[in-house]
Each structure stands twice: as C-alpha cells, then as structure tokens.
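# Structural overview for review
Given next are the chains, with one letter for each unit.
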Amino acid sequence: MTTTDRPAAPPVRTHKEDRTWVGRSIRRVEDPKFLRGRGGYIGDMTVPGMLYAAVLRSPHAHAVIAGIDVVEALAAPGVHAVITGEQAAELCDPLPDFGPNPAAHTWRCLAVDKVRYVGEGVAVVVADSRYLAEDALALIEVEYEPLPAVVDPERALEDGAPLVHDDLGSNCAYERTFDFGDVERDFAEADVIVTDRLRWHRSGGQPLETVGAVADFDHATGALTVHTNSLSFTSYLFMVAGTMKIPANKLDIRPVPAGGSFGSKLFATKPAVIAGMCSRQVGRPVQYLEDRVDNMSNCDHHGSDRVYDVRLAVMRDGTIRGVDIDTVEDYGAYIQFGVGHHGNALAQVVGPYAMTSVRYRVRAALTNKNQQGAYRGFGSEVNNWMLEQMVDKAARELDLDPVELRRRNFIREFPHFIPTGNVYDSGDYDAVLDKALELSEYKRWRIEQAKAREEGRCIGIGLITAQERSVFSATEFWFWFDEPGAPVTSMPESVTLKVDATGGITATLYSCAFWGNSPETMVAQLVAEEFDCDPHDVSIVYQGSKNGLPATGPGGSRTTVMLAGAVEGATAKIKAKALRAAAHLLEANPDDLEWVDGGYQVKGVPEQRKSLADIAVMLHLFKHSFPEDMESGLEDSKVFDHPYTTMPSADRTDLGVFYPFMGHACHVPVVEVDLETGSVSFLAYAAVHDCGTLVNPRSLAGHIVGGTAQGIGTALYEEFVYDDDGQLLTSSFLDYLIPSAMEVPELRIAHHETPSPYTLHGIKGGGEGGRMMAPAAINVAVNDALAHLGVRVTELPITPDRLRAAIRAAESARGRE
Amino acid sequence: MKPPPFQYAAPTSVAEAVELLAAHADDDARTLAGGQSLVPLMNFRLAQPGYLVDLGRIEELTRIRTDGDTLVIGAMVRQSDAEHAPEVALRAPLLAEALGYVAHPPVRNSGTVGGSIAHADPAAELPAVALALDAELVVVGPQGTRTVRAADFFVGPFATAIEAGEILTEVRFPRRDGGQSFVEFARTHGNFALVGVASVIETDGATIARASIAMSGVAPVPVRATAAEETLAGSAPDDASIRAAVDAAVAGLSPSGDAHGSAETRTDIARSYLRRGIELALTRAQDRR
Ligand SMILES: Cc1cc2nc3c(=O)[nH]c(=O)nc-3n(C[C@H](O)[C@H](O)[C@H](O)COP(=O)(O)OP(=O)(O)OC[C@H]3O[C@@H](n4cnc5c(N)ncnc54)[C@H](O)[C@@H]3O)c2cc1C
C-alpha cells in the first residue's frame, strides 16, 4: 500500500492553550477512600448469608483425571456443595476465549478429563468459611494418571512432543509470517547483518488483592449479580452470561476496585463464573477470592515468555534498514487472547527508528503451564527489549557510539507510518534524548565508568530510546486471521455527566474500577477544565454492566484518552442544551453568548450572564419557562469510539492503524555488577517520557516509578520458574522475588510534551511506559558493564545464576585464548 | 491458605508449657513463638499441629541478661529487641549485625531469637551465629533441663536436638574477644540468604590467634568452616592467608542448588562472601587493638 491510498486520518485539532486544570498535579481524588481503608475490596465485602468457595488444584502438570471421590468432602462440617470439573461442564459452557481455535483448545472454569498445568482447578467446595472449605478440599480424592509434561516452548513444537490439547493435534496454536516492506532488498543491500538469539522468561503482575468475585444468584428472578474486581467490561462481560447459560439481561456485573492489576485482571471471568456457578447451586451468595497460590499458579495472566531469533540489517554508517524477527511464544496451556501480544509488538516493532522493512514470524506454542493474559506492556515491552539489545549489539559490531547510532535512525517527520501500517502520530525523539542525556548526567557517568574500570569495578550505563504505544484498537487481536470470526469492535468508552439542580456535576463511569490509573482524578480534571469548577467538587460514580453504556475500561494505556473523548462529547451535549436555555433566559441570540468562567454571558456584557447553576435549577425545576420541545434536566452521555482505527489490507502486508498515539521515552540506568556474585545494583536511574500533553504530572510520574519498579523485577528478579516436570517452583513470594523499596533506586524523572494532533488537549496514554523501558535499559546497562570482559547477557531475568554462568563462560573462553 | 483446625493454649510458665506439651503429645502439640515460620507453614498445611502451646505469655523467657561473661538471651526475646539491646551490641556484636539481615523489621518485631534457632532453617542467620560463637542452648523438658552445645544442636534441615515435648528456653553466648562480622548474600533485602558467613577473629600481635567461622546456606545445617579456621590460626593477617583460608574452606563445600542458585553459583558466592566476612572481622579485630 502506498501512502496515497491510506484512509484519511482524523482531523488535526487545535489545542486550548490556557488550560486551568489539565496539566496540574492536583491531589488524587481517589486517595481519601483508599488511604482510609474505605476502598471496598472483595475481601471487605460481606453479604448476609454469604458462603465461601475454595478450589482444589492439580499437583500435576499433565495428567488424566481417572476419577474423583467427593463423598467424604461432601460430608465434612459446614460444606454445602462440592462441584467437580465434570459437573461444572454441565452447569456452565466454556469460558469466553478469543484464542485461535477455542473448539480445539477449550478452556473451562474447572478441568475436565485431564489437567494441563500445576494449579489448574479440578473441583470447588462451598462451605461456611474458607477454612472449612479448605478442610474439605483435603478430603477430596482424585485419581490422576500422570502424563509426560511439555515445558519448553521449542520442544513443544517438535514432532512427538506430548500434546497439551489432543483435539488440536499439535502444540502450535498459531503460526504465520508477515512481510512488511521490501525485506529481501533491505537484507540483500545491508553491509552488516547483526543476529542474536534472545530469551525472555515469564513473570506477571502481582496485585495486592487477588482476583475475586461475590456472586448472588436469585432463583426467584433468575438474575445473577456479581461483584468482581475484573475489568468491568460493560462491553464484553456479558459473555459471562453465555458461559453461565443465563440471558445477558439477567446478569449484572458490578465493578469493585481492583487492588492492583497491572493487566492481570483484564477480562478475568473465571472467578466470576466459579462464584456464580456455586451461588446458583446452593442458592446463597458465594465469595470466591483467590489466595496467593491460587493467583500465582492459576491467574490466567502470566506475562510474555518468548524465544527470539533476530536479524537486523544495518549499513556501515549505522543506518538500520530492516529487522527480521522469528519468535516462539510459550502461551501455556490455553491461549485466551490469541496472539494479541504480538499485535502490540507490531504497533511499534521498529521502535523510534526509520526502518523500511520488517519480517515477523510468530509461533504460539502450548505447554503445561498456566496461560498468559495481560501484563503491563502486553508484549510490546518484550519487543522494545529485543530491539534495543539488537541496536546495542549493532553499535558494538560497527564500533559506533550507541547514542549516536540511535539518533542517526530517529524518525523526525510525523505523522509517520511504520512498515506494519501503524502510525506514529507525533514525537520529538531528539528532544527527549537531549533531556535524558542531561538529566542522567550521561557524560559524567562515562568518566566515572572509566575510573571505576581502572579499579576493577564494572559500571554500566544503559541508555535506550523506545516507544510507548497507547490507546489500543481491537484490530490487534483480529488482523491475524484472513477471515476473522467476527467483525472488529471499536473499543468504546462512555461517560455520563449530570448537572444537578444546584449546578453540581456528577460523572458516571462504566468500566473503570480503580486499577491504580486514577480514572476518577483524570475525569475530575477533565470535567473541571470544561466547566471551570474545582475538580475535587466533581462527584464520580460507577455503574454496573446492567445499566451500563458500552465501555472497555483500562488496558493498552487507553483510559485517559478515551475518557477525555467521552467527557468532551458529553460536555458538548450539555453545553449545547445549557446554551439554548441561557439564551432563552437572557432573551438573547445563542450566537451572541459565550462560555466564560462557568456560565454563559452575552459577549462583552458580563452582567448579562447565567451561571451553570442558574441554568441547571431552571432546567430541573421550571420546565414551563422554556419552549415546549425542551426537556427537563441537564444530563447527557457520550459513547466515544476509538478515534483512529483503519482496517488492514486484505493480504495483511499493511495492518492499518491500530495504536496511533505513540509516546516515547529514554531510560538511563547506571548499574554496577558484582562479578563475584553475579548481582546487579543501581547507582543512578533517569527516565524521560513523552506521553503528549500531561493531565497530571505527578500521577504520571507515579506510573513511571511503579512501571520501572516492575521492569526492574522483570529484568533482575521475577520469574515463574517451572522445572522440567512442569512443577511451579515459585508459587509464593518466598520464591517469586519482587523488588521492594530497597531494590528500586530513586528515579530522576522528567517529562517532555509533544501533543497528539488527534486527541483532546493532545493527550496520549502513559500507563505502561516504565515497564516498557526498564528491562531493555537494564539489560543494556549490564552488558555495557561487562562488554570489556566479553560477557553479553541475552536472557531475562538476569539472575546471579545466569550472570555467573555467563561470566564463568567468558573466563574460560579467555583462559583458552 | 488456611490452617486446619487446632487447639490453642497460652501458659504463663515454662513448667506449665512443658506439661501441656506432654498432655497433648497425641495431638502433635507444637510450641508457638513469634509464628513467623510456623504460621505460614500451617497456612500452607505443611505443618498440621493439633495443639499449639503459645510461649508468648511466659515472662521469664523474654529477658536479656548476663551471667558472668556469658550473654543470656531468653528464647522469646523478639528479634528486634535483641537487635537493639545494648548488651548484645557490647558482648555479641555478631548477633546484632546478623539480626539486621533477618527478614524485615515487622517480621523481627514478632519473630523470636529462640524461634529462629529452634526452626533451624539451613539458610537462617541465627543458627550460623550460634555456631560461630559456640553458643549453648538450654532446653527444658519433662526430664528436666539440659544444655546442648551449638555444634551438637543442628542435626538436619529444620531439625535440632530438641526432643518432642521439650522447649528451648535460653541461648547462652560465651564472651568472645576479637573482631566479629556477619555478611550475607541475599537476592533481595529481607529474603533468605543464599550464603551467610559469621566470623570471629582474634589477633595476637602480628598473627591471627584464633578464627571461628560458620556458614549458612551451603549445607543442610549451618557448618563451621574448619579448614579456613585452621589455615588462619597462626598465620599472618594478610591477603595471602585469607586467600588460602578461603580456598581451603571452599574446597570442602558441596552446596545443593535450587531455583535461586545452582551449586556452582552458591560456591562462587560462598568464596566471595567468605573473603568479605574474614576481611571485615579481621579489620575490626585490628581496629579494636
Ligand atoms: C517474610 C519473612 C521473611 C523471613 N526472612 C528470614 C530471614 O531472612 N532469615 C531468617 O533467619 N528468618 C527469616 N524469617 C523467619 C523468621 O526469622 C522467624 O521469625 C523465625 O524463623 C522463627 O521464629 P518465630 O519466633 O517466629 O517462631 P515460630 O514460627 O513460632 O516457630 C518456628 C518453629 O520453631 C519452634 N519453636 C519456636 N520457639 C521454640 C522454643 N522456644 N522451643 C522449641 N521450639 C520452638 C516452633 O514449634 C516451630 O516449629 C522470615 C519470615 C518471614 C515471614
């Protein structure tokens, strides 16, 4: 496709310059309730008559369930029901699944016939307390016939590997190779082809409160009410009704604050279905709340787990022409979101660099592990890491300065379409880099590094420049198939604004249970900007799915941009009505009025004015003062659809626009490596992000700190380790190591603002950037510290084991020389 | 992660506690100290005692005192209290330093000195400290009181010389001169260490008079680095002696590996931390003189 036949972009906007509230670090409006312990998590909820469920988990990675005896468990004190996988399969249909072939890799709330990973549920007990439920679990006897497990993704794709799903006939759930641009030519003409093999192991988001649900099935009405801390997808959670085999209009899903998600609660349906199924069986409300082992072994949201073979086509002067990526991803035992994670990668696959071609081969391997879901970055962070390691390696092989090599390849004209078809709406990568060089004191650290080396100390500086895509469009789940199973959704987000009779404003949100991303603060600031009120005076409420408008909720750093669009749209409707009402009350022509400081007034005549409160009270109570066709009240909603999505080409050589609002960042950690122990510590860390126009600099900085902390975890500590038999060795925080305040250095953070031409105020998303950058930057830093010793680490997390092994190998290689 | 049912009693004297343990032996009665190891094990149902005897109300076990040259720490002294006690800083600085590595402050506020030693986690700090300082463990049971030397106390991973029905009441640390140090390598702060090294080194003019070195994390029980001790004794306090001592000790190690470190990596780390520990203790010994 050439540029000429691309669908039109949305109109370029002009942004308001004299903003009052957008851009200010106001106190978060969510804080008082959470800091006072009034957030209202699942664990805080009690409903009269509520019972508790606990799930029996498979100790085997792969085994046939030959029989289950629940007689003793049923007779145990306080037990109300025991439901096995087989019974559950009669009570419920399979779980909602966006995988490539759900009929052949069917995913249910409890395993039937065979278990496919350690931790998979085989039965659920409902009892008076969680204690009694767990006592009864110990009395269930399951007869397992163990099968050989397949744990390594490449081995899983080999002939003769044990099959995770017999119906699929292989462990390859998806395979396809895409060519974007003239790959053959770029590689044929390249001076140097840099190659590498890289391995990213799985970790995952670790929420403080795990996933849970309180379900209450009313046999009198056939209605099921579920409080859950999943994303309250008013747009999609109706699918739970399908699984439960109840009409969707009998289901109400109410959002509960997530208590941490980082992606890991995205569209979490299993706990809601388990609680709902149990409630319907026993006729009482049932709470099912995962404990930590449940969550770590069975949350369905492990993060990416990839093997890469990569080639980078580079010219002697450092120009990067193209990249050829061949990746095998270990999805675990199921594949609920298909290979959408690679859509994320393809959104920014070339990074900030002006490459002309990309080859992307992806193979999705099924293995005997818990399945993948979402984790901050959704697969784009893995691509960032891979690409930055390759660029870094290119700099070494060409003996070019790594900063200059990056700068030489920067994209400088926007909007810019990358070879995959996605657009980068705006950016200023030089400005971000310059700021980062200064903030990090890069030059000084290079001098320190040289001094330290003379003393035998290994200091490394890891500068990376990478992309931070935001506001995903569902096509990234969809363009994988020539004939997708359904048309593509626009991922809408909705807001209702109500101006009450006193002029007070209430905003209703439909899908934003608090995820840590401050949706209430964002909406309060945006509403305040529109209506000239104090953001702390805006009241924010949530609506359940039953009375909800279409809304997708957080994910893919979309919330703020989407909420802004919805707030803008709802505001426009309200202001149109208010303008008409004011004109009537002032006996003026609407064209002669202007919005000034929270009300409408006759242009140039400030005393001829009606405040929003004046207008609202009239509209609420005194309808007869207005023309016949004016309705009472002042409330309106906006369902805001994704603002910039274009369709892929039929042959998929162009995937269209699906992640248009492109942020950018430069991270510069300075690390010291202890050669003797293989441990890595931080001497400094600087980060500059450009997420377009800032709504609240402090809350964005919070995202950057938290995301970077998680990135440090991914780079150095966190890993779900499965042994060769598929046993999960890290199923509690004793073994799954999370960095604490002691491991995370003080960050120096700066923002740069390049507004998006297409969004309200020029906002871009920024919820995931820290974790998209840190693993790449830390790996580069560690390699920078050790390059003079011939050590290069290509596997994350960089544990003492892996680093010592690399150091030992380099030592013995030097010994041989 | 909920424990199975159990009964619970909180006696106020050691005698009463011993009686309760005997009376409920059939219920697999266990002592409960700070609960920082036992309660997680019960939540995972890896321990399922039917009866818990909580030592938390026994006053006499919460004292830190001196007996001549010996520092005596009651089994129920909280780890954080011992960490900050002036007597400990003065008489067993090694113990105070090691306590700073045990978990995080909130855990140390509940966890006890006796609980850690009775629990005998091979990666724990305090058993190695007890071994390096030649501590004596006082144990009370139905047959009366007996004293066990640290060298005889740790018999396997999570296994000690305490018999069923017995209670550890006191840990006695004899006075040691010289420089003391505790160093360890843990992957994150507050987590169990891969390797810990407790060192006590006495110098006599230009030579090392005596060295006591114990290591955690490298064997099923804390071990004395006897080869290093012997190499150091009588040698000059220089790099060559330290290197020889480290080499001698490491040659005798065969740690087992796990998800956090292979045997090879643990050996590498042991080599590094032995050197650091010895160097630090030696520097302190020389500073004291
Ligand atoms: C997050 C976390 C991190 C930790 N990190 C570390 C660490 O880095 N290093 C470390 O060493 N420890 C660590 N611990 C363990 C902690 O130090 C415990 O406090 C200690 O191991 C046990 O002490 P306790 O008083 O809590 O004993 P409890 O847990 O109550 O008891 C432990 C065991 O000892 C027995 N016992 C206790 N007291 C006596 C007694 N007087 N006589 C006979 N038997 C007795 C009990 O019956 C039980 O079997 C950690 C714990 C947690 C929760």
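In the block above lies the structure referred to throughout.
Residues numbered from 1 in each chain as written. Chains lettered and ligands numbered in written order. Predicted model: local features only at pLDDT ≥ 70, side-chain atom pairs only at ≥ 80, totals over all residues. Heavy atoms only, no water.

Time to look at the overall build of chain A. Per the secondary structure count, chain A includes 20 helices and 30 strands. When its C-alpha atoms are laid out on the principal axes, chain A stretches across 95 × 75 × 50 Å. Every one of the 817 residues in chain A was classed for burial, and the buried ones make up 63%. Long-range contacts, defined as pairs at least 24 residues apart, comprise 80% of the intrachain contacts of chain A with a sequence gap of at least 6. For chain A, the accessible surface area stands at approximately 28,400 Å², while carbon and sulfur atoms represent 50% of it. Averaging the locations of the 75 positively and 113 negatively charged side chains of chain A gives two centres separated by 3 Å. (Helix = DSSP H or I, 4+ residues; strand = E, 2+ residues; numbered from the N terminus. Buried < 20%, exposed > 50% of the residue type's maximum accessible area, 1.4 Å probe, protein only. Contact = heavy atoms within 4.5 Å. Areas by Shrake-Rupley, 256 points an atom, 1.4 Å probe, with all protein chains shown as cover. Lys, Arg positive; Asp, Glu negative; His and termini not counted. Charge placed at Lys NZ, Arg CZ, Asp CG, Glu CD.)

Next up on the list: the packing of helix α15 (residues 519-531) of chain A against helix α16 (residues 559-586) of chain A. Residues and elements named next belong to chain A. At a closest axis distance of 10 Å, the pairing of α15 and α16 adopts a crossing angle of 35 degrees. Along this stretch, α15 crosses α16, giving a crossing that reads as right-handed. The segment α15 lies against α16, with P519, M522, V523, L526, V527, E530 and F531 engaging T559, T560, L563, A564, V567, E568, T571, I574 and K575. Tallied by class, residues from the contact of α15 with α16 come to 10 nonpolar, 3 polar and 3 charged. (Axes fitted to C-alpha atoms, helices over the stretch in contact; angles between N-to-C directions. Left-handed = near helix turned anticlockwise from the far one by under 90°. Nonpolar A, V, L, I, M, F, W, Y, C, P; charged D, E, K, R; others polar.)

Right, let's get into the interface of chain B and chain A. If you look at the interface, chain B gives 26 residues, while chain A gives 27 residues. The junction of chain B with chain A conceals about 2,300 Å² of combined surface from both sides, 54% of it contributed by carbon and sulfur atoms. If you look at where chain B meets chain A, you find 7 salt bridges. The residue R808 of chain A makes a salt bridge to D268 of chain B at a minimum N-O spacing of 2.4 Å. (Buried area = accessible area lost by both parts, 1.4 Å probe. Salt bridge = Lys/Arg side-chain N within 4 Å of Asp/Glu carboxyl O.)

Quick look at the site of the ligand now. Residues and elements named next belong to chain B. Taken together, the neighbourhood of the ligand is formed by 30 residues, with T31, G35, L38, T112 and E125 sitting nearest. Separating an oxygen atom of the ligand from a side-chain N or O atom of S37 is a distance of 2.7 Å. Calculation on the ligand without its partners gives an accessible area of 960 Å², and the protein chains cover 89% of this total. The set of elements that each furnish at least two residues to the shell around the ligand consists of β2 (29-32), α7 (113-119) and β10 (167-173). (Near = heavy atom within 4 Å. Polar contact = N/O pair within 3.5 Å; in protein donor to acceptor, adjacent residues only side chain to side chain.)

For the rest of this paragraph, the subject is the environment of A61 of chain A. Residues and elements named next belong to chain A. Here A61 shows up in the loop between β1 (51-57) and β2 (63-69). For the pair A61 and T552, spaced 491 residues apart in sequence, the C-alpha to C-alpha distance is 34 Å. If near-sequence neighbours (up to four positions away) are discounted, A61 is found in contact with V115, R116, Y117, V118, A149, N368, D725 and G726.

Residue and element names in this part refer to chain A. Take R321: it is sitting in strand β14 (residues 320-332). In terms of polar contacts, R321 uses its side chain to reach the side chain of D186, at 2.8 Å. In this structure R321 touches R185, D186, E189, A313, M315, M355, T356 and S357, once residues within four positions along its chain are discounted.

Residues and elements named next belong to chain A. If you look at the biggest cluster of nonpolar residues, it comprises 159 residues, and the most contacted ones within it are L312 and V782. When residues of this core are assigned to their parent elements, the largest contribution, 11 residues, is made by helix α19 (residues 769-786). Once residues lying within four places of it in the same chain are set aside, the contact partners of L312 are F187, V192, I193, V194, I320, G322, V323, M355, L387, M390, V391 and A394. Core analysis: the next-biggest nonpolar cluster, separate from the first, contains 51 residues, A564, Y600, F640 and F661 among them. (Core = buried A, V, L, I, M, F, W, Y, C linked by side-chain atoms within 4.5 Å.)

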